[in-house]
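Descriptive structure summary
Here's the letter readout for the chains.
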Amino acid sequence: MAQKKGHRSLSSDDPEELARVPLQAVLLADSFATKFRPITLERPKVLLPLVNAPMIDYTLAWLESVGVEEAFVFCCAHSQQVKDYLNKSQWMKQPGTFTVQPIESHDSISAGDALRVIYNLGVICGDFVLVSGDTISNMSLKEALQEHKERRKKDPLAVMTMVIKHSKPSSLTHQTRLGNDEILMAIDPDTKELLYYEDKTDQSQRFITLDKMLLASTPTLHLHNDKQDCYIDICSPEVLSLFTDNFDYQHLRRHFVKGLLVDDLMGYKIFTHEIHSSYAARIDNFRSYDTISKDIIQRWTYPMVPDVQYFGNCSQMKLDRLGIYKAPEVDQSRTAQIRAFSLIGNGTAIGDHSVISNSVIGQSCTIGRNVSIQGSYIWDNVIIEDDCKLSHALVCDGVHLRAGVVLEPGVILSFKVEVGQKIVIPAYSKVSLLPQPSKQDSDEELEYADANSGVVESPSITSIANTRNVDPVPDSPDAEHSDTSEVGISGVGYIWSTTEGGHEEEWRHSIAPIPAEKLMEFCLSAHTDLGVSNQDVNSLPASGELQLDSESTGFDDGEDYKDSADFEKEVEATFQRVLAGVNPENVILEINSLRLSYDMSHADCAGSLFYSIMKSALSAPFSSNLSFGNLI
Amino acid sequence: MMDFQVVVLAGGTAKKLAPLVSKEVPKALLPVANRPVLSYVLELLESSNLKDLIVVVEGEDAALRVGGWISGAYVDRLHVEVAAVPEDVGTAGALRAVAHHLTANDVLIVSGDLVSDVPPGAVAATHRRHGAVVTTLLCYAPVSGPSDTGSSAGKDKVKKSRYNIVGLDPTRQLLLHIAAGAEVEKDIRVQKNILRAVGQLEIRADLMDAHMYAFKRTVLQDVLDQKDTFHSIRQDVLPYLVRTQLRSEISANGLHKVEDNANGRVSSQNYVTWMSQHREIAPSAYQELLALSPRSPENALRTHKCCAYIASKSKYCARLNSIQAFSDINRDVVGEASHLSGYSFSSQNNIIHPSAELGSKTTVGPQCMLAEGSQMGDKCSVKRSIIGRHCRIGSNVKIVNSVVMNHVTIEDGCLVQGSVICSNVHLQERVVLKDCQIGAGYVVTSGSEYKSEPLARK
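About the thresholds
Residues numbered from 1 in each chain as written. Chains lettered and ligands numbered in written order. Predicted model: local features only at pLDDT ≥ 70, side-chain atom pairs only at ≥ 80, totals over all residues. Heavy atoms only, no water. pLDDT = per-residue confidence, 0-100. Contact = heavy atoms within 4.5 Å. Pairing = 2+ DSSP bridges. Helix = DSSP H or I, 4+ residues; strand = E, 2+ residues; numbered from the N terminus. Axes fitted to C-alpha atoms, helices over the stretch in contact; angles between N-to-C directions. Core = buried A, V, L, I, M, F, W, Y, C linked by side-chain atoms within 4.5 Å. Buried < 20%, exposed > 50% of the residue type's maximum accessible area, 1.4 Å probe, protein only. Domains from an automatic or database assignment. Buried area = accessible area lost by both parts, 1.4 Å probe. Salt bridge = Lys/Arg side-chain N within 4 Å of Asp/Glu carboxyl O. Polar contact = N/O pair within 3.5 Å; in protein donor to acceptor, adjacent residues only side chain to side chain. Nonpolar A, V, L, I, M, F, W, Y, C, P; charged D, E, K, R; others polar. Phe/Tyr/Trp six-rings, centres within 6.5 Å; stacked < 30°, edge-to-face > 60°. UniProt positions renumbered as here; feature names shortened; annotations may be inferred.

Observations concerning the confidence of the model for chain B
Residue and element names in this part refer to chain B. For chain B, the average pLDDT comes to 81, and 83% of its residues sit at 70 or higher. Segment residues 145-160: pLDDT under 50, and 6 contacts once partners within four positions in sequence are set aside and those in other chains are kept. Within the model, the stretch residues 252-299 combines pLDDT values under 50 with 75 contacts to residues more than four positions away or in other chains. Scored by ipTM, the complex comes to 0.75, with pTM at 0.74.

Focus: the sheet that holds strand β5 (residues 79-85) of chain B
Residue and element names in this part refer to chain B. Strand order in the open sheet formed by 7 strands is β5-β4-β1-β6-β13-β8-β14, with mixed pairing between adjacent strands. The sheet is open, and its two edges are formed by β5 and β14 (306-310), each paired on a single side. Here the average twist between neighbouring strands, direction ignored, is 25°. Where helix α2 (residues 60-73) meets the sheet, it contacts β4 (52-58) and β5, and its direction lies at approximately 145° from that of β4. The strands touched by helix α8 (residues 233-243) within the sheet are β1 (4-11), β6 (106-111), β8 (134-140), β13 (207-216) and β14, with β13 carrying the most contacts at an inclination of about 70°.

Observations concerning the nonpolar core
When a protein is soluble and globular, its nonpolar side chains tend to lie buried together. Membership of the largest hydrophobic core comes to 97 residues, with the highest contact counts inside it found for A:Leu60 and A:Leu63. Among the elements that make up this core, the one with the highest residue count is helix α4 (residues 55-65) of chain A (7 residues).

Re the sheet that holds strand β12 (residues 200-204) of chain B
With respect to topology, 6 strands assemble into an open sheet ordered β10(A)-β9(A)-β12(A)-β12(B)-β9(B)-β10(B), the strand pairing being antiparallel. At either margin of the open sheet sits one strand with a lone partner, and together these are β10 (194-198) of chain A together with β10 (175-179) of chain B. Looking at each pair of strands side by side, their axes are set apart by 15° on average, direction ignored. Inspection of the sheet shows strand β9 (residues 184-187) of chain A paired to strand β12 (residues 220-224) of chain A by 3 bridges, in the antiparallel sense. From the neighbouring strand, A:Ala186 faces β12(A), where its bridge partner is A:Leu223.

Quick notes on unusual backbone geometry
Omega for the bond connecting A:Arg37 with A:Pro38 falls within 30 degrees of zero, at 5°, which places this linkage in the cis form. Following B:Ala18, the chain continues to B:Pro19 via a peptide bond in cis, the omega torsion being 0°. Structurally, B:Pro19 is set in the loop between β1 and β2 (31-32). For A:Leu322, which is not glycine, the phi torsion reads 60° and is therefore positive. Structurally, A:Leu322 is set in the loop between β16 (318-319) and β17 (324-326). Classification of A:Leu322 as exposed rests on a relative accessible area of 54%. Even without glycine at this site, B:Ser452 takes up a positive phi of about 50°. With respect to the element layout, B:Ser452 can be found in the loop between β33 (449-451) and β34 (454-455).

Digging into the domain arrangement of chain B
All names here are of chain B. Split into domains, chain B comes out as domain 1 (4-318) and domain 2 (344-455). Taken together, the contacts link 8 residues of domain 1 with 17 residues of domain 2. Of all residues in domain 1, the largest losses of buried area upon contact with domain 2 belong to Pro19, Leu20 and Asn34, amounting jointly to 59% of the total for that side. Summed over the shared surface of domain 1 and domain 2, the result is 0 salt bridges. If you look at where domain 1 meets domain 2, you find 2 residue pairs in polar contact (both at pLDDT 80 or more). Residues of the side of domain 1 that touches domain 2, tallied by class, amount to 5 nonpolar, 2 polar and 1 charged.

Considering the packing of aromatic side chains
Residues and elements named next belong to chain A. Within the structure shown, the criterion is met by 12 aromatic pairs over all chains. Between the aromatic rings of Trp379 and Phe415, the centroid separation amounts to 6.1 Å while the plane-to-plane angle is 55°, which identifies the pairing as tilted. In this pair, Trp379 sits in the loop between β26 (377-378) and β27 (383-384) while Phe415 sits in the loop between β32 (412-413) and β33 (418-419), placing the two residues 36 residues apart along the sequence. Residue Phe415 is classed as buried on the basis of its relative accessible area, which comes to 6%. Site record: aromatic cluster; members linked through ring pairs are Phe36, Phe286, Tyr289, Tyr377, Trp379 and Phe415.

Observations concerning the UniProt feature "domain: EIF2B subunit epsilon/gamma LbH" (unreviewed entry) in chain B
The sites that UniProt annotates as "domain: EIF2B subunit epsilon/gamma LbH" (unreviewed entry) are residues 353-446 of chain B. Here residues 353-446 of chain B runs as 0% helix and 38% strand, with 29 Å between its end C-alpha atoms.

Brief notes about the side chain of B:Ser448
Residue and element names in this part refer to chain B. Its location among the elements puts Ser448 in the loop between β32 (443-444) and β33. By relative accessible area, which is 14% here, Ser448 ends up buried. Sequence-distant contacts of Ser448, that is, excluding residues within four places in its chain, are made with Arg430, Val431 and Val432.

As for α8(B)
Burial runs high along α8(B): 10 of the 11 residues are buried. Sitting at the amino-terminal end of α8(B) is B:Ser232, which places a side-chain oxygen 3.2 Å from the backbone nitrogen of B:Arg234.

Structure follows, in structure tokens:
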């Protein structure tokens, strides 16, 4: 804030002067999440290849193309790897207006921490673009920047512009094609101000509740669930200071955006910019990895496609018909088939009768005979022996699949895993040379990639490498996973238990398409849900109509209704105990306390008591002569 | 026309409008520019060629009076049945009482206090076009004109101006959410499944339910039968139908036709497009699911459709349901919405009946009305006010922003501002009234001053 003011005072308010502030960008080269584990234990997410180029290259290339002059790459987990990569890449070398500067931090555990570090460095001097290093886009920022700047001139409280894009989540699974959860947003249609933001929606909640004050300033708002957050933000320098002021802000959306929207004291505003024809998406999970890879191959991200050299990516790719990309030196058997929408990297050999479809194969891979690869991502230097079957799997560098291995959909094989002959890896398994971190790591609070694991990892790699080809891996921590027979004789690697993140949800974020049974399940549950919700609705109007006279019930009628039913039941049960011989005095006391705890009126109480009396009178006529009169 | 039956809910003697209404003057007969408010609705319906009407009035006496007036005024123009229902049955109760008279496919329900130039035919046509179970007329909530009562009321008015919270689809034809009554002041709660079905929902606070509805008759009757606690159409029946539109629980016979309507398609269309995304990657599932898809009646996601017709901003639409509204409407009908009054205005933009007599130096400003047989003394001034029949007004009287009904006597030197003076009232000399309502037959003694008070005979 202070330094911004300093800058302003230097440059006066002359717009041309202001325009000379170089456009800066903050690129978070750490997702602060664990969704790509186990792969990210060994390599940072931004360096993972996406259609054979590291994700960060796409992001940097886009930043350069939109006119960013200074990009600060914030590295945290595996910071050394990121820095090494950048140093080697052309980003640091190339002359010109685009400079890339790594910022390293070891103790940041969230985007909030990262922004606080950047604030303390004092390098940001104007509006900046905030993206994470896994963003793929070809949008032009010109319009959004312009809008942002104009708004800022009129209203200094407009601190952020979020880029959104149309994307309708599935009505059954409630997730978008990128595998993200649906997002509910309320936007003012005239000003495009964001008024409400809800991700991670609670599916059990049937209603979205919007504060009535939202409509105080504007007569109209649009409620969307068909928009996707592109996670591209244009921020004013205040954003950084806001993060510093609110040291508990961690997550960009969950804390920062919501915090600003809820806080009407400061009155900071967030606006949205919707893009229509251009592409912008973020790789958040394996499903989005899959979807975005396909989008790249199908050229939605043009010019960021494999055969255009927008950054010094790989050697000349050649695009054939049907979206087949081939590097110049592919050793393909005559009988091998490469089907539509596939990419084969340089130096890869494919054996006889192998079939590859919808897949991406990296460089220097060796693929044997009769191998079937479908919808899979195979990185570099992978050896796949004869008769293997891969469908919708992700196979990292240096993996060795011996003959006859079957990878079921959704399998992730991390670096240098070896799988023995004729092993079937069950669906959604994740296999890594590294043992699964102990449970406390997977705590919700620590969802970010902890820097520690990055430190610990290298010795463990070597130790396991030493024990390679030894049947049971000796130093395994967990008996359950100790036996490498899970990956076969002469296999190396641990199968991670999928309890982390919940097995239930594994299919949601997997590369594999949503299984048919799941869809059936959803379809059916949508129907049975119907019955349930009907009851709900029945209960709603019954009391909903009372709203006029009873202010207090209001919208929670559904609950109240249930409450009163509960209350009646309780009273009845209590009353039955009088008949069972409990001292009436005690029962009176109990019923009174029940009444208080359910917050019922005397009339309600008397009513339900009367009901119980009548009921018991009907069910057991003439059986007891107790006088009930004194109960009420 | 188009097999529509029309029910006009004319109300009774609403307590809210005391002391303007009385046994002699039920709400429906309150004068707006010197003719009963009900005549505005009747003529509006007549203009859409809707001539078969059932007028429902609360209370036997009121019904007799309304019936008497209608048969006199519209004897050969409209075919009107007047039905009396007990008081305080609510609009839903009133409909229950006349339900057995309804036979047409669709029923148009109009409130008798509506003063509007929105053609009911347009609402009916929207209803038919979409095959909706209910179509409601929404109009822009009136931004009540700058009343001269002072700016202190300004803040209240901002709050007051919200009548409904309405949720619409992007085409603004489907009604997806409505909050009425007390709900309006609460947080907005939107059903997620409805939002999911449309993807985008427009929530507006500047629209008002004008109480003109087209209902599918069978559905209306079913709802009224099944939900015997429903009291009001606006606050119970309509919100209920809107709320349940994606999982209709109205008995199927009324809905067989509706099932295939476009809203049904909205959800199943989404469903199919979504399915087709999965077609490529999971063809087998697609086939199976299609077999299961909600076409077969048992599995049908039964939906019905609620529509809205939004009157354009240029149309006038107001309901006479409060004293403020009474004053506003009277002012508007001789002012900005003068085409509604049916009178022809003079070049001074006012209406002075030829039989009215004006003393010397008496001025009647624009947007005023002076009905037949009224007399005014010297040096009087009338601004933006309506004066009824056969009033006798003395000299040096000022009447501003007021409504004076029939047979009122106002003696010399009175000042009447922002007030409503009912029939047969007698204001003695030098009375000063500001923002008052004087009930019929009241006598205000000379020299008294009142501010913001309702006065009525005990």
